[in-house]
Amino acid sequence: MKNLSIYTLPKGTYSERATKKFLEYIDGNYKIDYCNSIYDVFEKVDNGGLGVVPIENSIEGSVSLTQDLLLQFKDIKILGELALDIHHNLIGYDKNKIKTVISHPQALAQCRNYIKKHGWEVKAVESTAKAVKIVAESKDETLGAIGSKESAEYYNLKILDENIEDYKNNRTRFILIGRDVKFKTLPKNYKVSIVFELKEDKPGALYHILKEFAEKNINLTRIESRPSKKRLGTYIFYIDFEDGKEKLEEILKSLERHTTFIILLGRYPVFD
Ligand SMILES: O=C(O)C(=O)Cc1ccccc1
């Protein structure tokens, strides 16, 4: 049988860990293919296969690049979701010699207080594993990386400090993306993600949307605005809600009256 690809961030990233977990639920022979950035994952998936990318963190909030790309790549849908506990490590040679720490922006943000306390400079790169790779290849003792245990092992570097995230409950949601997938087992919970633009900029415009959900007794799990990128002060809204008994077509139709566009980003199972 042909091996299909599931694209994600490099070996040792948290996204790779999420991908391995998704693969326990997915039917079929998938081979993990590594990409340098979230953007590259979307580009590959646009030509076929599956992908896994981070979408939201319990401390730092949304991964805005993933949000924007879901809108930009119209044929790519969210096919599943799972959340992982994230514990960051300081990786390198000698903690006392570090002057600069390198990592993915989300990891740097999740360890902001820890970094500040040590007075280190920061440098952002496309993934935590790339940061560890840079530190390993440079052999520079003044550099440190923030990343996973797996990445330290993979690049043969020392873990200098563990659990360096600023808040205990550090969790990240990852999404499985693509056009279609078959799961071996399905969980009970499903979610729907949509994005829309309000028709009119007037008092109560968003209220009309929220009212539809309230009246249908649908629980929202996330609401977020992003710049529309047309003009300063204009927004699009991302809403996630629990999938229940209500017909999805009817929900979308009831919202259409209040929006200039509404896109279904996915209706998908939530794994734990
Ligand atoms: O770079 C990684 O390891 C990723 O998978 C992105 C990321 C970074 C920080 C927290 C969760 C995911």
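Residues numbered from 1 in each chain as written. Predicted model: local features only at pLDDT ≥ 70, side-chain atom pairs only at ≥ 80, totals over all residues. Heavy atoms only, no water.

As annotated in an unreviewed UniProt entry, the protein chain carries the name prephenate dehydratase and is attributed to Methanocaldococcus bathoardescens. Database annotation for the protein chain, UniProt heading Pathway (unreviewed entry): "Amino-acid biosynthesis; L-phenylalanine biosynthesis; phenylpyruvate from prephenate: step 1/1." Per UniProt, the protein chain has the following entry under Catalytic activity (unreviewed entry): "prephenate + H(+) = 3-phenylpyruvate + CO2 + H2O". (UniProt positions renumbered as here; feature names shortened; annotations may be inferred.)

Participant: How should the environment of Ile-146 be read in this particular structure?
Facilitator: Here Ile-146 shows up in strand 9 (residues 143–147). Judged by its relative accessible area of 0%, Ile-146 is buried. C-alpha of Ile-146 to C-alpha of Glu-162: the two residues are 16 residues apart in sequence and 9.8 Å apart in space. Not counting chain neighbours up to four residues away, the residues in contact with Ile-146 comprise His-88, Asn-89, Ile-102, Ser-103, Ala-107, Leu-108, Cys-111, Ile-115, Thr-128 and Ile-164. (Helix = DSSP H or I, 4+ residues; strand = E, 2+ residues; numbered from the N terminus. Buried < 20%, exposed > 50% of the residue type's maximum accessible area, 1.4 Å probe, protein only. Contact = heavy atoms within 4.5 Å.)

Participant: Looking at this model, I keep getting lost on the UniProt feature "domain: ACT" (unreviewed entry) in the protein chain. Mind explaining?
Facilitator: Here the UniProt-annotated "domain: ACT" (unreviewed entry) positions come out as residues 194–269. Within residues 194–269, the helical portion is 26% and the strand portion 42%, while the C-alpha atoms at the span's ends are 15 Å from each other.

Participant: Would you mind going over the site of the ligand with me for this structure?
Facilitator: In the vicinity of the ligand, the contacting residues are Leu-9, Thr-13, Tyr-14, Ser-15, Pro-54, His-104, Gln-106, Ala-107, Gln-110, Ser-127, Thr-128 and Thr-172. A distance of 2.9 Å separates an oxygen atom of the ligand from a polar backbone atom of Tyr-14. Measuring from an oxygen atom of the ligand, one finds a side-chain N or O atom of Ser-15 at 2.6 Å. Protein contacts shield 100% of the accessible area of the ligand, which totals 320 Å² for the unbound molecule. Applying the majority rule of atoms within 2 Å of the grid points places the ligand in the largest cavity. Counting residues per element, the ones that place at least two in the shell around the ligand are helix 1 (14–25) and helix 4 (105–110). Among the residues forming the shell around the ligand, the class breakdown is four nonpolar, eight polar and no charged. If you count residues domain by domain, the shell around the ligand takes at least three from each of domain 1 (4–86 + 170–178) and domain 2 (89–161). (Near = heavy atom within 4 Å. Polar contact = N/O pair within 3.5 Å; in protein donor to acceptor, adjacent residues only side chain to side chain. Areas by Shrake-Rupley, 256 points an atom, 1.4 Å probe, with all protein chains shown as cover. 1 Å grid on protein atoms, 1.4 Å probe; cavity = no way out; pocket = protein on both sides within 12 Å on 5 of 7 lines; lining within 4 Å. Sits in = over half its atoms within 2 Å of the grid points. Nonpolar A, V, L, I, M, F, W, Y, C, P; charged D, E, K, R; others polar. Domains from an automatic or database assignment.)

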